[in-house]
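# Reading the structure
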Amino acid sequence: MNDTNLNEFIEAVNTDVDKKIEEMQVRAEEQRISLLEDAEDEALNNAYIKIKSCVTEEKYKSKIAVSKAEQEARVKLLTYREFLVEKMFCSIYDKLIHFTESEAYKTFLQSLLKDEKTDEDTIIYLREKDLIYEEMLREVTGPSCTFETDSGIEIGGLSVFDRKRSVLNNKTLDIMFEEQKKNFSSSYRLA
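The paragraphs below set out a description of the structure included in this document. The residue count restarts for each chain, going from 1 along the sequence in the order it is written. Owing to the predicted nature of the model, reporting of local features is limited to residues with pLDDT of at least 70; listing and counting of side-chain atom pairs is limited to 80 or more, with chain, interface and lining totals taken over all residues. In computing side-chain properties, one takes all heavy atoms of the structure into account and sets aside hydrogens as well as water.

## Brief notes about the overall build of the chain
Numbering of helices and strands starts at the N terminus; helices are DSSP runs of H or I of at least 4 residues and strands are runs of E of at least 2. For the chain, the helix and strand inventory stands at four helices and four strands. Across the chain, helices and strands are ordered from the amino to the carboxyl terminus as α-α-β-α-β-β-β-α. Judged by the C-alpha coordinates and their principal axes, the chain covers about 165 × 35 × 25 Å. Buried residues are those whose accessible area, probed at 1.4 Å on protein chains only, stays under 20% of the maximum for their type, while exposed residues exceed 50% and partly exposed ones sit between those limits. Evaluated residue by residue, the chain yields a buried proportion of 21% over its 191 residues. Residue contacts are counted whenever heavy atoms from the two residues lie within 4.5 Å of one another. Sequence separation of at least 24 residues holds for 64% of the intrachain contacts in the chain that already meet a minimum separation of 6. By element, 55% of the accessible surface of the chain is carried by carbon and sulfur atoms, the whole surface being about 14700 Å². Positive charges are assigned to Lys and Arg, negative charges to Asp and Glu, while His and the chain termini are left out of the count. For this purpose, a charge sits on NZ of Lys, CZ of Arg, CG of Asp or CD of Glu. A gap of 9 Å separates the mean positions of the 28 positive and 40 negative side-chain charges of the chain. Here the open area of atoms and residues is found with the Shrake-Rupley method and a 1.4 Å probe, where only the protein chains shown may cover a residue.

Right, here's the structure in full:
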């Protein structure tokens, strides 16, 4: 009987061990599945974070690229605008120079002096080329004033200086041209 008891004991132990092994295997499988699910969730979460980071970075890079392109376009537009404005004022300058070589310029110079009160204390400044009109201008001013050259007058026109009052009335085409440039620059806006 000993043998039978021993066999039963061994069989009971083996059955118990088999049950425990089977339970351990089931628990291990459940734990493996749980760990795999956790690892999968973590991997998915990490992938989501990485994708989100990449999308944010690409958005940022895109915004920078668009801003840079817009800035470059503005610079090109402003440069071209400056070129056109400079070209326009060069054309106006050339027309003014051409005007000073015309017959109408003589009448223009006379009209600049019509409302001026001149006497022996008055100096009329002209560019050197315009001193040839002195006699014609004296018809308007009378003989008492003085005519002198002013190297600062480049385009044309004249300035009237009253020595008594120390007042200079600048009626040059140069100053008119510069004022028009300033007015244009301050009032013209790029659309």
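## What to know about helix α3 (residues 134-141)
Turning to α3, its buried residues are Met136, Leu137, Arg138 and Thr141. Along its buried surface, α3 packs onto α2 (103-113), β1 (122-126) and β2 (146-149). Looking at the residues trailing α3, positive phi occurs at glycine 142, about 90°.

## Things to note about the sheet that holds β1
By this definition, two strands are paired if DSSP reports at least two bridges between them. The strand order across the open sheet built from four strands is β2-β1-β3-β4, with neighbouring strands paired in mixed fashion. Two strands in the sheet have a free side with no partner beyond their single neighbour: β2 and β4 (167-172). Going across the sheet, the axis of each strand differs from the next one's by a mean of 20°, ignoring polarity. Sheet topology note: the β1/β2 ladder contains four bridges and is parallel. If you follow isoleucine 124 over to β2, its bridge partner there is phenylalanine 147. Lines fitted to C-alpha atoms define the axes, with helix axes restricted to the stretch in contact, and inter-axis angles between N-to-C directions lie between 0 and 180 degrees.

## Notes on the environment of aspartate 119
Here aspartate 119 is to be found in the loop between α2 and β1. By relative accessible area, which is 23% here, aspartate 119 ends up partly exposed. Sequence separation between aspartate 119 and serine 144 is 25 residues; the distance between their C-alpha atoms is 5.3 Å. If sequence neighbours within four positions are ignored, aspartate 119 has contacts with Ser144, Cys145 and Lys164. Whenever a nitrogen or oxygen atom comes within 3.5 Å of another N or O atom, the pair is scored as a polar contact, on the condition that within protein one atom can donate a hydrogen and the other can accept it, and that pairs from neighbouring residues in sequence are kept only if both atoms are in side chains. A polar contact is formed between the side chain of aspartate 119 and the backbone nitrogen of aspartate 121, at a distance of 2.8 Å.

## Comments concerning the packing of aromatic side chains
Working definition: a ring pair exists when centres of Phe, Tyr or Trp rings (six-membered ring for Trp) sit within 6.5 Å. Plane angles under 30 degrees give stacked, over 60 give edge-to-face, the rest tilted. In the structure shown here, the tally under the stated rule is eight aromatic pairs. On the numbers, 5.7 Å between centres and 75° between planes, the contact of phenylalanine 89 with phenylalanine 184 is edge-to-face. Here the residue phenylalanine 89 occupies a position in helix α1 (residues 2-99), and phenylalanine 184 occupies one in helix α4 (residues 173-187), the gap between them amounting to 95 residues. What makes phenylalanine 184 partly exposed here is its relative accessible area of 22%. Counting every residue linked through ring pairs, the aromatic cluster contains Phe89, Tyr93, Phe177 and Phe184. A cation over an aromatic ring shows up here: lysine 181 above the ring of phenylalanine 89, its NZ or CZ 6.0 Å from the ring centre. Geometrically, a charge over a ring is one whose NZ (Lys) or CZ (Arg) sits within 6 Å of the ring centre while staying within 35 degrees of the ring normal.

## Things to note about the environment of leucine 173
Here leucine 173 shows up in helix α4. When the C-alpha positions of leucine 173 and threonine 4 are compared, they lie 135 Å apart, and in sequence the two are 169 residues distant. The contact partners of leucine 173, leaving out residues within four places of it in the chain, are Leu96, Phe99, Thr100, Tyr105, Phe108, Ile155, Gly156 and Gly157.

## Considering the pattern of salt bridges
Between Lys or Arg on one side and Asp or Glu on the other, a salt bridge is scored when a side-chain nitrogen of the former is within 4 Å of a carboxyl oxygen of the latter. This model, assessed by the stated rule, comprises eleven salt bridges. Measuring nitrogen to oxygen at the nearest pair gives 3.8 Å for the salt bridge that ties aspartate 121 to lysine 164. With a gap of 43 residues between them, aspartate 121 in the loop between α2 and β1 and lysine 164 in the loop between β3 (157-162) and β4 connect regions that are remote in the sequence. Note that glutamate 134 and arginine 138 form a salt bridge whose closest N and O atoms lie 2.9 Å from each other. Placement of the pair is glutamate 134 and arginine 138 together in helix α3, with a separation of four residues, close to one helical turn. Because the salt bridges share partners, they merge into one network encompassing Glu57, Glu58 and Lys61.

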